[in-house]
Amino acid sequence: MDYFNYKDNELYAEDVKVSSLVKEYGTPLYVYSKATLQRHMRSFEEACSSHKHLICYAVKANSSLSILSLMAKMGAGFDIVSKGELLRVLEAGGDPKKVVFSGVGKTDDEIAFALKTGINCLNVESEAEAYNIENIARDLGIKAKIAIRVNPNVDAKTHPSISTGLKNNKFGISYDKAFDVYKKLSQSPYIQISGIDCHIGSQMTSGQPIVDAVARLLELYHKLKDNGINIDHIDIGGGLGVTYGDETPPSPSEFMSAVIALLKDIDVAIYIEPGRAMVANAGILLTQVLYTKQNGDKNFCIVDAGMNDLIRPALYNSWMNIIEANKKTGPKLCYDVVGPVCESDDFLGKDRHLCVERGDILAVRGAGAYGSAMSSTYNSRALCAEVMVSGDKSCVIRKRQDLKEIFANEVIVDL
Ligand SMILES: *Cc1c(COP(=O)(O)O)cnc(C)c1O
């Protein structure tokens, strides 16, 4: 459920007509609904409320400072994958004690900075990384809190590019090795074993894979406990899917109830790292129709947002709903909605039935996650503006980039 709805055939973001946002801020434009973000955060809180828990919003889904600040105010922790994301969390007022740090390739600098900042937990993704963390912690005289990201070899049954829990993926430590690594690390005075972690994939539309994964983590928990290694949390990662088209993912409470049932008798906190489910449907991308044309058998609707603004369709062949900001009654044509970037894969949607002409506004729904966060300046196109809407108010949360900023760090040399 979100707060982007039609009234009299005009699309609104909460109580603001999106056409008036376009007049004020231009296109392409990301628009977020504060009420939707709050609603999602609350539904995760409620879903977890019967057990000790920490919701660590996965920053990479949308790292906008305003969104991080809103999450922090609502009590969220954060799952980060880089020092840059940690700096964003701190800038937005996030509590470092609620931050977990994932990622297969943390640098020495990133590990040292995280340890000095006093984050909650480093999610370790290889044995080599574990010993590196131990060395850095020793140099700093700090005891590093860690969880091992276990690869439970469970199929998340999602798109191969966003499946991460199979034994041949680059992520985590394989289930069979994890126990031995825990045992070795438990001898170290510079390591505090804090948790077991997994993240098996993204856009899961069933809760079963996560239940299967948690069942495996639970076995490991017992084995560790029997060997005197006590942990304080089990981190089930993120991955809950959203509705882009006809998917019917479980609600946060449906998703969590089976997990909580498995863990209800053990005295550990449940950490969860939702990204997409928190922000996807809280954002839309507004774009203006530049031209329509016919090539061969195809109608093209050429818009001013491209794969540099929203890469999911080009990168994963993701289907995202494209709707008219102003629903008209005329005949619809079947269009490929494409951007201005010089790549044949630069499309937002294919075979869409629309009634559009030059100047009309289209909205790409479900664009709040992995939209702005994955945008680039390819083709020397500026990073677009972003606004947050709350009730009948709107505010810029990122200014449109000035074109000269794109090359501001470059120097012309004549060697
Ligand atoms: C990307 C990621 C998440 C969030 O995944 P979603 O599918 O967006 O919920 C959580 N944890 C880790 C380790 C990730 O890499």
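Everything below is about the structure shown above.
J.: Help me understand the site of the ligand in this model?
T.: What surrounds the ligand is a group of 14 residues, the closest being Lys60, Ser202, Glu273, Arg276 and Tyr370. Within the contact set of the ligand, an oxygen atom lies 2.8 Å away from a backbone nitrogen or oxygen of Gly239. Gly275 places a polar main-chain atom, nitrogen or oxygen, 2.9 Å from an oxygen atom of the ligand. Burial of the ligand by the surrounding chains reaches 95%, relative to a free accessible area of 390 Å². Of the residues assigned to the shell around the ligand, the class counts are three nonpolar, six polar and five charged.

J.: Is there a simple way to explain the packing of aromatic side chains in this structure?
T.: Where two aromatic rings form a pair, the distance of their centres and the angle of their planes describe that pair. On inspection of all chains with the given rule, the structure shows two aromatic pairs. Ring centres of Tyr30 and Tyr32 lie 6.2 Å apart, and the angle between their planes is 5°; on these two criteria the pair is classed as stacked. Summarising the aromatic geometry, the rings of Tyr57 and Phe78 are spaced 6.5 Å apart at their centres and angled 75° between planes, so their arrangement reads as edge-to-face. Taken together, the positions of Tyr57 in strand E5 (residues 53-58) and Phe78 in strand E6 (residues 77-80) put the pair 21 residues apart, joining distant regions of the chain.

J.: Please clarify how the packing of helix H7 (residues 175-185) against helix H8 (residues 208-226) should be interpreted in this entry.
T.: How two helices sit against one another is set out by the angle between their axes and by the gap between those axes. At their nearest, the axes of H7 and H8 sit 11 Å apart, and the two run at 30° to each other. On the basis of the axis angle, H7 is roughly parallel to H8. The two elements H7 and H8 cross, and the hand of that crossing is right-handed. Judged by residue contacts, Tyr175, Ala178, Phe179 and Tyr182 of H7 engage Arg216, Glu219, Leu220, Lys223 and Leu224 from H8. Considering only residue class, the contact of H7 with H8 consists of six nonpolar, no polar and three charged.

Procedures and definitions
- Residues numbered from 1 in each chain as written.
- Predicted model: local features only at pLDDT ≥ 70, side-chain atom pairs only at ≥ 80, totals over all residues.
- Heavy atoms only, no water.
- Near = heavy atom within 4 Å.
- Polar contact = N/O pair within 3.5 Å; in protein donor to acceptor, adjacent residues only side chain to side chain.
- Areas by Shrake-Rupley, 256 points an atom, 1.4 Å probe, with all protein chains shown as cover.
- Nonpolar A, V, L, I, M, F, W, Y, C, P; charged D, E, K, R; others polar.
- Phe/Tyr/Trp six-rings, centres within 6.5 Å; stacked < 30°, edge-to-face > 60°.
- Helix = DSSP H or I, 4+ residues; strand = E, 2+ residues; numbered from the N terminus.
- Axes fitted to C-alpha atoms, helices over the stretch in contact; angles between N-to-C directions.
- Parallel < 35°, antiparallel > 145°, perpendicular 65-115°, else oblique.
- Left-handed = near helix turned anticlockwise from the far one by under 90°.
- Contact = heavy atoms within 4.5 Å.

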